[in-house]
Amino acid sequence: MLSRRAFLATSAAAVIPRRAWSTRGQPSSGSVGVDAWRLRARLERLSLFGRPDGGSFGSGVSRVAYSDADLAARTWLLSEIAAAGLTPRIDPAGNVFARWAPSGTSPDRPAILFGSHIDSVPNGGNFDGDLGTLSALEVVESCRATGITPRHPWELVVWAHEESTAFGRGTAASRIVAGDLQAGDLDQAWNGLKRADAIRRLGGQPDRIEEAVRKAGHWRAYVELHIEQGGTLEKGGVTIGTVDGIVAIHRYDVMVTGFANHAGTTPMNERRDALLAASRLVVSVREAVTARPGRHVGTVGRLEITPNSPNVIPGKVSMSVELRDLSETVLKALAADIQQRAAAIAADTGTDITFQLASRNPPALAHEAVQRAIDRAAERSGLGATHLPSGAGHDAQMIAALCPMGMIFVPSIGGISHSPLERTTWEDCAHGASVLAATILQLDASDTIV
Ligand SMILES: [Zn+2]
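Note that this is a predicted model, so its numbers are computed, not measured. The residue numbering used here restarts from 1 in each chain and proceeds along that chain's sequence as written. Given that this is a predicted model, residues contribute local features only at a pLDDT of at least 70 and side-chain atom pairs are listed and counted only at 80 or more, while totals for whole chains, interfaces and linings are drawn from all residues. Hydrogens are left out, water is left out, and the side-chain values use all remaining heavy atoms of the structure.

## Quick notes on the overall build of the chain
Numbering goes from the N terminus for both helices and strands, where a helix is a DSSP run of H or I of at least four residues and a strand is a run of E of at least two. When helices and strands are counted, the chain shows twelve helices and 18 strands. Atoms counted for the radius of gyration: C-alpha only. Globule rule: 2.2 Å times the number of residues to the power 0.38. Relative to its length of 450 residues, the chain is compact, with a C-alpha radius of gyration of 24 Å against a globular reference of 22 Å. Projected onto its principal axes, the C-alpha positions of the chain cover 85 × 45 × 45 Å. Buried residues in the chain amount to 51% of all 450 residues. Accessible surface computed for the chain: about 18,800 Å², of which carbon and sulfur atoms make up 51%. Here the positive residues are Lys and Arg and the negative ones are Asp and Glu; neither His nor the chain ends is included. Where a charge lies is defined by one atom per residue type, namely NZ (Lys), CZ (Arg), CG (Asp) and CD (Glu). Here the chain carries 45 positive and 47 negative side-chain charges, and the mean point of each set is 4 Å from the other. Any residue under 20% of the maximum accessible area for its type is buried, any over 50% is exposed, and the rest in between are partly exposed; the area is computed with a 1.4 Å probe on protein chains only. For accessible areas, the Shrake-Rupley method is used with a probe of radius 1.4 Å. Any residue's cover is judged against the shown protein chains and nothing else.

Structure below.
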């Protein structure tokens, strides 16, 4: 590990000088000095919780929500928040909130919320969620050290359950806050653990779960700093990504029906091979998606062949087609194109191909005013920014239903995430925290977000 001194020397560019602040304690340029060293030290400390035995920082982390590692990490984080002079509170869903409203702050104004999550996928990395969470704490500490008095209360959040490993559900705890809770949800079992008991492990109160729900307008805005988890920023040599929104996902169940017959006695020209048709459909999904300019993506990730035997011509294939884009109009047009191609394949192969919409997740658009605040924050920090959609889900998409939402991305090296190889440079971590601080300050300074 680098010494503190050596680290500061290598990351000087990330530590924006505190002289950017005027003597009255208000920002003169929108640049914010964050302590890059403290942020790095905390990221390294957090990486110990869920680290494989005998491993190092580079071995990644397995900190699935509700696991012992998750509990231990939360206990440590609660003590860090308390040591920073804030009073953490656990809501009935298990989310951690900590409010900063020093004297001079108007307590009746809606709070500006920012944070992320610290649960991980099994064999995950040390930046997904961790960076946004620890940067939120860093922002409060840096701004307080600079003598800032915010006009609105600021509220830090650690969402309890973001990854979809536990209970097969993603963004599960922010979803509750947004009011999306179905009867029976808390009775669901996973690995012998009832969801209500899992929430209890975190200090939540499943019997009072409705009290975790917040109304629209409860917060003034929500901002989440996160690693990109893709390679767009790194490839473009850009430090800051202003997220336009979190993409819509349309998922189709596709059934290809042919005729199962003897693989030795059926001549090639008499076959109705469902797998041949399905294979051609896989290729045409790619062709349809790439034929249209834009950032949309399409994937066939599941194929189930019946009877799946070497000596039988496949009679049936059940498969998925998943399409993602910010615009649902684009997704509908894509689906229509793919279905047209499928009809031609079916006619050519003597099969029948049917599509059924299995699930439809609408997009969550980032609020334009929050996007503008992020753009300005990056500009004033002397950093390049570009706009991009998020192809991955985040808690921010749930909170977008309650208040103006925005997300800041920083580069993922090699576009790798959900892997021990997940990396973001320490400099970019500090840049992200700095832009988060400047964004929150801008949102705090304006009276309305339009
Ligand atoms: Zn995440």
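Continuing now.
## Things to note about the packing of aromatic side chains
For this analysis, a ring pair means two rings from Phe, Tyr or Trp (six-membered ring only for Trp) whose centres lie within 6.5 Å, classed as stacked if their planes differ by under 30 degrees, edge-to-face if by over 60, and tilted for the remaining angles. One pass over the full model with this rule turns up twelve aromatic pairs. Ring centres 5.7 Å apart and planes at 50° place the aromatic pair phenylalanine 57 and tryptophan 426 in the tilted group. Taken together, the positions of phenylalanine 57 in the loop between helix H2 (36-46) and helix H3 (68-83) and tryptophan 426 in helix H12 (residues 426-445) put the pair 369 residues apart, joining distant regions of the chain. Under the relative-accessibility criterion, tryptophan 426 is labelled buried at 17%. Here phenylalanine 97 and tryptophan 219 contribute two aromatic rings whose centre-to-centre distance is 5.8 Å and whose plane-to-plane angle is 20°, an arrangement assigned as stacked. Of this pair, phenylalanine 97 sits in strand S2 (residues 96-100) while tryptophan 219 sits in strand S7 (residues 219-227), placing them 122 residues apart in sequence.

## A word on the confidence of the model for the chain
Per-residue confidence from the prediction method is given by pLDDT, with values spanning 0 to 100. With 93% of its residues at a pLDDT of 70 or more, the chain has an overall mean of 92. Considering only residues more than four positions removed or in separate chains, one finds that residues 1-30, a stretch of pLDDT under 50, has 57 contacts. Residue contacts are counted whenever heavy atoms from the two residues lie within 4.5 Å of one another.

## Regarding the coordination of the zinc ion
Donor atoms are limited to N, O and S found within 2.8 Å of the metal ion, a distance that becomes 3.2 Å for Na, K and Ca. With water left out, some sites might look partial. Within the first shell, the zinc ion binds the protein through His117 (NE2), Asp128 (OD) and His226 (NE2), at distances of 2.0 to 2.2 Å. One chain supplies every donor for the zinc ion, spaced along it as H-x10-D-x97-H. Of this pair, histidine 117 sits in strand S3 (residues 111-117) while aspartate 128 sits in the loop between S3 and helix H4 (130-145), and the two are eleven residues apart along the sequence. Neither residue differs from the other here; histidine 117 and aspartate 128 are each classed as buried.

## What to know about the layout of surface pockets
Residues are called lining when one of their atoms sits within 4 Å of a cavity or pocket point, these points coming from a 1 Å grid over the protein atoms alone, where a cavity is a set in which a 1.4 Å probe fits but cannot get out and a pocket is an open set with protein on both sides within 12 Å along at least five of seven lines. Grid points are joined across faces, edges and corners, and a volume is the space filled by probe spheres set on the points. Its boundaries defined by the atoms lining it, the largest pocket holds a volume of some 940 Å³. If you go around the largest pocket, you meet 38 residues; those closest to its centre are Ile249, Arg324, Gly391, Ala392 and Gly393. Residue assignment for the lining of the largest pocket shows that the elements contributing at least two residues are strand S9 (248-257), strand S14 (316-325), strand S15 (352-361), strand S17 (385-390) and helix H11 (395-399). Of the residues forming the lining of the largest pocket, the biggest block, three residues, is contributed by S17.

## Describing the pattern of salt bridges
Side chains that carry opposite charge are capable of pairing whenever their charged atoms lie near each other. The working definition used for a salt bridge is a side-chain nitrogen of Lys or Arg within 4 Å of a carboxyl oxygen of Asp or Glu. Per the counting criterion, the structure on display carries 24 salt bridges. A salt bridge links arginine 324 to glutamate 322, with the shortest nitrogen-to-oxygen separation between them at 2.7 Å. Neither arginine 324 nor glutamate 322 differs from the other in exposure class; each is buried.

## Looking at the packing of H2 against H3
Taken N-terminus to C-terminus, the directions of H2 and H3 make an angle of 155°; their axes are 11 Å apart at the nearest point. Considering their axes alone, H2 and H3 lie roughly antiparallel with respect to each other. Every residue of H3 that contacts H2 at Arg42, Arg45 and Leu46 is listed here: Ala73, Trp76 and Glu80. All axes are obtained by fitting lines to C-alpha atoms, using only the stretch in contact for helices, and the reported angles, taken between N-to-C directions, cover 0 to 180 degrees. By definition in this entry, angles of less than 35 degrees are roughly parallel, angles greater than 145 are roughly antiparallel, angles of 65 to 115 are roughly perpendicular, and the rest are oblique.

## Comments concerning the state of the cysteines
Disulfides are defined as pairs of cysteine sulfur atoms found within 2.5 Å of each other. As enumerated under the stated definition, the model contains zero disulfides in all. Cysteine 143 provides the cysteine sulfur closest to cysteine 429, a residue in no disulfide bond, and the two sulfurs are 18 Å apart. Its relative accessible area of 1% is what places cysteine 429 among the buried residues.

## Observations regarding helix H8 (residues 274-290)
Multiply 1.5 Å by the residue count of a helix minus one, and that product is the helix's expected span. Compared with an ideal rise of 1.5 Å per residue, which puts 17 residues at 24 Å, H8 spans 24 Å between its outermost C-alpha atoms and is within 8% of the ideal. Those residues of H8 lying buried are Ala274, Ala277, Ala278, Leu281, Ser284, Val285, Ala288 and Val289. One side of H8 holds all its buried residues, which, seen down the axis, span an arc of 125°. Counted as exposed and oriented over 90 degrees from the buried face of H8: Arg286 and Thr290. Among the structural elements, S9, strand S11 (297-299), strand S12 (303-306), S14, helix H9 (328-349) and S15 are those in contact with the buried residues of H8. Directions pointing from the helix axis toward each C-beta atom define the arc.

## A short note on the nonpolar core
Nine residue types can take part in a nonpolar core, namely buried Ala, Val, Leu, Ile, Met, Phe, Trp, Tyr and Cys, and a core is a set of them joined through side-chain atoms within 4.5 Å. Among the nonpolar cores identified, the biggest contains 57 residues, and Phe114 and Trp154 are the most heavily contacted of them. The element best represented in this core is H12, accounting for eleven residues. If near-sequence neighbours (up to four positions away) are discounted, phenylalanine 114 is found in contact with Ala136, Val139, Val140, Trp154, Glu155, Leu156, Val157, Tyr222, Val223, Leu436 and Ile440.

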